[in-house]
Amino acid sequence: IGGPQNVVYSVLNAMTTFPANNNDGTYEALANALVRRVHFVKGAVGMEGCPKGDRGEVAFIGRSNVGKSSLVNMITARKTLAYTSKRPGKTQQFNYFAVNDKVDVEREIRYGDEVGGSKDFDSFYICDLPGFGFAAVPDSQRRSWGAFMREYFGGRRNLRVVFHLVDSRHGLVDEDERIMGECAETFGGGKKGAMYVVVLTKADKNVKGGEGKAKGGVIGKVRETMREKGVGGNPIIVTSSETKLGRDDMWRYLRLAADFKV
């Protein structure tokens, strides 16, 4: 059925169909099998700085301190791949990570070195965008990021999924609604291009003991706003970077990038 990675995806799909016999350890082992290598390859501050669009790509966007870097670390089973900071707004560029690429690919992309070998057939990029809202940067920088983001969404043809991260404790803020509207305008209404997915983060902080779920009423309010913006039928995933809740659900959509062929 295409290779060992597709066997893992098939098992994940079967586990969704028959959930009663599953456990977190099984999900963990399967998800780990999907990430064999992952490297930070470069940061971009404009379209000309993005790596060549020769594979599928996913983007993570959300307000500062929503947990984007922690989620990147969680889905790739790495503790410090994406830098996390207690100071909001630490990410100052579009940070690119190559998943399942050849060894030392970052030298090739950053410096132009000749590196032997080839990327795996399911290689793809993760792009971690700067956080909006709380970032302590000048207004001119915010406007520059906004212009880059709009150009990126409209012009990055290998972009397969946009994950919009929202704090499950607080729900949508005004800036979230603005971003949702822009994503709906670009990707909604059955338009071709990337899939738009809302990801509710930090679910472990809502329940004593860390079982994890969205705070009461948040999902309903998010879904209502999504309907108003024209993306009401798009997915919502509840996650926790601490407990790895939602990791398997994330990989069902990451697969859209892993399977994409330019």
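Residues numbered from 1 in each chain as written. Predicted model: local features only at pLDDT ≥ 70, side-chain atom pairs only at ≥ 80, totals over all residues. Heavy atoms only, no water.

Q: How should I be thinking about helix 6 (residues 174–187) in this particular structure?
A: Over its 14 residues, helix 6 extends 20 Å from the first C-alpha to the last, a length consistent with the 20 Å expected when each residue adds 1.5 Å. All of the buried residues in helix 6 are Asp176, Ile179, Met180, Glu182, Cys183, Ala184 and Phe187. Looking at the buried side of helix 6, the elements it contacts are strand 2 (57–62), helix 5 (139–155), strand 5 (159–167), strand 6 (195–201) and helix 7 (218–229). The positive-phi residue at the C-terminal boundary of helix 6 is Gly189, with phi of around 65°. (Helix = DSSP H or I, 4+ residues; strand = E, 2+ residues; numbered from the N terminus. Expected span 1.5 Å × (residues − 1). Buried < 20%, exposed > 50% of the residue type's maximum accessible area, 1.4 Å probe, protein only. Contact = heavy atoms within 4.5 Å.)

Q: Any chance you could explain the packing of helix 5 against helix 6 here in plain terms?
A: If you want to describe how two helices pack, look at the angle between their axes and the distance between the axes. Look at helix 5 against helix 6: their axes get within 10 Å of each other, and the N-to-C directions meet at 25°. Taken together, the axis directions place helix 5 and helix 6 in an arrangement best described as roughly parallel. Crossing geometry of helix 5 relative to helix 6 is assigned as right-handed. In this structure, helix 5 contributes Met149, Arg150 and Phe153 to the contact, and helix 6 contributes Arg178, Ile179, Glu182, Cys183, Thr186 and Phe187. (Axes fitted to C-alpha atoms, helices over the stretch in contact; angles between N-to-C directions. Parallel < 35°, antiparallel > 145°, perpendicular 65-115°, else oblique. Left-handed = near helix turned anticlockwise from the far one by under 90°.)

Q: Looking at this structure, I do not really get helix 8 (residues 247–258). What am I missing?
A: Each α-helix turn comprises 3.6 residues. Residues three or four places apart therefore point the same way. In this model helix 8 runs 15 Å from its N-terminal to its C-terminal C-alpha over twelve residues, within 8% of the 16 Å that 1.5 Å per residue would give. Among all positions of helix 8, only Arg247, Asp248, Met250, Trp251, Leu254, Ala257 and Ala258 are buried. The arc enclosing the buried residues of helix 8, seen along the axis, measures out at 135°, which places them on a common side. (Arc of directions from axis to C-beta.)

Q: Even after reading the chapter, I still don't get the nonpolar core, so can you show me in this structure?
A: Soluble globular proteins: nonpolar side chains tend toward being buried together. With 35 residues, the main nonpolar core has Tyr152, Phe153 and Val162 as its most contacted residues. No other element matches helix 6, which puts five residues into this core. Setting aside residues up to four positions removed in sequence, Phe153 forms contacts with Ile61, Leu159, Val162, Cys183, Thr186 and Phe187. In this structure, Val8, Val58, Val72 and Leu254 belong to the second largest nonpolar core, which totals 27 residues. (Core = buried A, V, L, I, M, F, W, Y, C linked by side-chain atoms within 4.5 Å.)

Q: Would you mind showing me how to read the pattern of salt bridges here?
A: Two side chains of opposite charge can pair, provided their charged atoms sit close to one another. On inspection of all chains with the given rule, the structure shows 18 salt bridges. Of the charged contacts in the structure, one is a salt bridge between Arg252 and Asp248, with a shortest N-O distance of 3.5 Å. Of this pair, Arg252 and Asp248 both sit in helix 8, four residues apart, roughly one helical turn. With relative accessibility at 14%, the residue Asp248 sits in the buried group. One continuous salt-bridge network, built from bridges that share partners, spans Arg36, Arg37, Asp120 and Asp122. (Salt bridge = Lys/Arg side-chain N within 4 Å of Asp/Glu carboxyl O.)

Q: Would you mind showing me how to read the packing of aromatic side chains here?
A: In this description, an aromatic ring pair is defined by two values, namely the gap between the centres and the angle between the planes. By the definition in use, this model includes nine aromatic pairs. Here the aromatic rings of Tyr152 and Phe153 are separated by 5.9 Å at their centres, their planes lie at 45°, and the arrangement is tilted. Pair check on accessibility: Tyr152 and Phe153 agree, each one buried. Joined through ring pairs, the aromatic side chains of Phe94, Phe148, Tyr152, Phe153 and Phe187 make up one cluster. (Phe/Tyr/Trp six-rings, centres within 6.5 Å; stacked < 30°, edge-to-face > 60°.)

Q: Sorry if this is basic, but what is going on with the side chain of Asn158 here?
A: Within the secondary structure, Asn158 is located in the loop between helix 5 and strand 5. According to the relative accessible area criterion, Asn158 is buried, its value standing at 5%. Apart from the residues lying within four places of it in its own chain, the contact partners of Asn158 are Gly53, Arg55, Gly56, Glu57 and Phe260.

Q: Explain unusual backbone geometry to me, please; I cannot follow it from the model alone.
A: With a phi close to 70°, Asn65 is a non-glycine residue in the positive phi region. Counting through the fold element by element, Asn65 comes out in the loop between strand 2 and helix 3 (68–75). Look at Asn65 and you get partly exposed, because its relative accessible area is 42%. Its identity is not glycine, yet Asn100 carries a phi of approximately 60°, on the positive side. On the secondary structure map, Asn100 appears in the loop between strand 3 (94–99) and helix 4 (105–111).

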